[in-house]
Amino acid sequence: MKKRVLFYLVAFVSTISLQSCVTNYVVSKPATYTREYKTDAKLTAIDTQLEKDKKLLISSFVSEKAVALSNAKNSLKNSEIAKAIKHNKTIDNILAEAATYLGTPYRYGGTTRNGIDCSAFVLSVFGAAAGLTLPRVAASQSQEGESVEKENLQKGDLIFFSHGRRISHVGIVEDVTEEGEVKFIHAATSKGVMVSSLNDSYWGPKFRFAKRVINENGENYNNLASVN
């Protein structure tokens, strides 16, 4: 009898213990799922924030590059404008100085306003207006600067003439009309310092070539010396 009671007691305790374990398992499992869900949610939130930060950083970088590029373009544009202004001012100064000689009589070997020849006229004008030292004679002046085709002539270019093989005369381009007529100022043996045209029946056939001694930056080319 005692053995039977003891058996029932052990069975009862074992049953209670088993139910307690099952209960603990069932109750505790959802708590684990909840923690896992919360962890996944946090990771998702972190990924979302990182993606936002990445896009913001890329946008900021692109914006900074765009601003830098714009500034560089503006700087380049301003630099080109400044060069153009300097060039135009230099050419204007040359032509203004040349115009002050209009009517000055021609004198072979002359170097003053009382009488001047063609090469001395060009030398004096460029020296006073642009600070350049050109050679004394036309043939030597023709070796300076950069060659320019007739159809590309601009104000301030030098044009050279000859009666034979040797360069013997020089003038300064004063204007190029819309029709392409080239007018130049020079010291002519007949009338002194005056304005003539390459369309002229006398000067046209004697034209040989042209040189540019002031570059697009308003500065002299490297093979020319500046007056100190």
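Because the structure is a prediction, the values reported are computed rather than measured. (Residues numbered from 1 in each chain as written. Predicted model: local features only at pLDDT ≥ 70, side-chain atom pairs only at ≥ 80, totals over all residues. Heavy atoms only, no water.)

Enquirer: For this particular structure, what's the right way to read the packing of aromatic side chains?
Expert: Remark: the centre distance and the inter-plane angle together describe each pair of aromatic rings, the angle taken between the planes. All told, the structure shown has seven aromatic pairs when counted by the stated rule. Aromatic pair phenylalanine 161 and phenylalanine 184: ring centres 5.2 Å apart, planes at 35 degrees, arrangement tilted. Taken together, the positions of phenylalanine 161 in strand S5 (residues 158-161) and phenylalanine 184 in strand S7 (residues 182-188) put the pair 23 residues apart, joining distant regions of the chain. Grouping residues by exposure puts phenylalanine 161 and phenylalanine 184 together as buried. On the basis of an interplanar angle of 90 degrees and a centroid distance of 4.9 Å, the ring pair of tyrosine 202 and tryptophan 203 is categorised as edge-to-face. (Phe/Tyr/Trp six-rings, centres within 6.5 Å; stacked < 30°, edge-to-face > 60°. Helix = DSSP H or I, 4+ residues; strand = E, 2+ residues; numbered from the N terminus. Buried < 20%, exposed > 50% of the residue type's maximum accessible area, 1.4 Å probe, protein only.)

Enquirer: I tried to follow the side chain of aspartate 117 on my own but got confused; where do I start?
Expert: Relative to the helices and strands, aspartate 117 resides in the loop between strand S2 (115-116) and helix H2 (118-130). A polar atom in the side chain of aspartate 117 sits 3.0 Å from the backbone nitrogen of glycine 109. (Polar contact = N/O pair within 3.5 Å; in protein donor to acceptor, adjacent residues only side chain to side chain.)

Enquirer: Would you mind showing me how to read the pairing of strand S6 (residues 169-176) here?
Expert: If a strand is regular, its side chains alternate between the two faces of the sheet. Sheet analysis places S5 next to S6, joined by four bridges and oriented antiparallel. Its bridge partner being in S6, phenylalanine 160 is matched across the sheet by valine 170. Pairing of S6 with S7, which is carried by four bridges, proceeds in the antiparallel orientation. Looking at the pairing, valine 173 lines up with phenylalanine 184 of S7. A loop of five residues connects S6 with S7, the two strands running antiparallel in sequence, and glycine 180 in this loop sits at a positive phi of about 95 degrees. (Pairing = 2+ DSSP bridges.)

Enquirer: Got a minute to help me understand the nonpolar core in this structure?
Expert: The nonpolar side chains of a soluble globular protein tend to be buried, and buried together. Formed by 26 residues in total, the largest nonpolar core has its most connected members in Phe121, Val122, Phe126, Leu158 and Ile172. Looking at this core, the elements with two or more residues in it are helix H1 (2-99), H2, helix H3 (138-141), S5, S6 and S7. Ranked by residue count, the leading element in this core is H2, at six residues. The residues contacting isoleucine 172, other than those within four sequence positions of it, are Ile94, Leu95, Phe121, Val122, Val125, Phe126, Gly156, Asp157, Leu158, Lys183, Phe184 and Ile185. (Core = buried A, V, L, I, M, F, W, Y, C linked by side-chain atoms within 4.5 Å. Contact = heavy atoms within 4.5 Å.)

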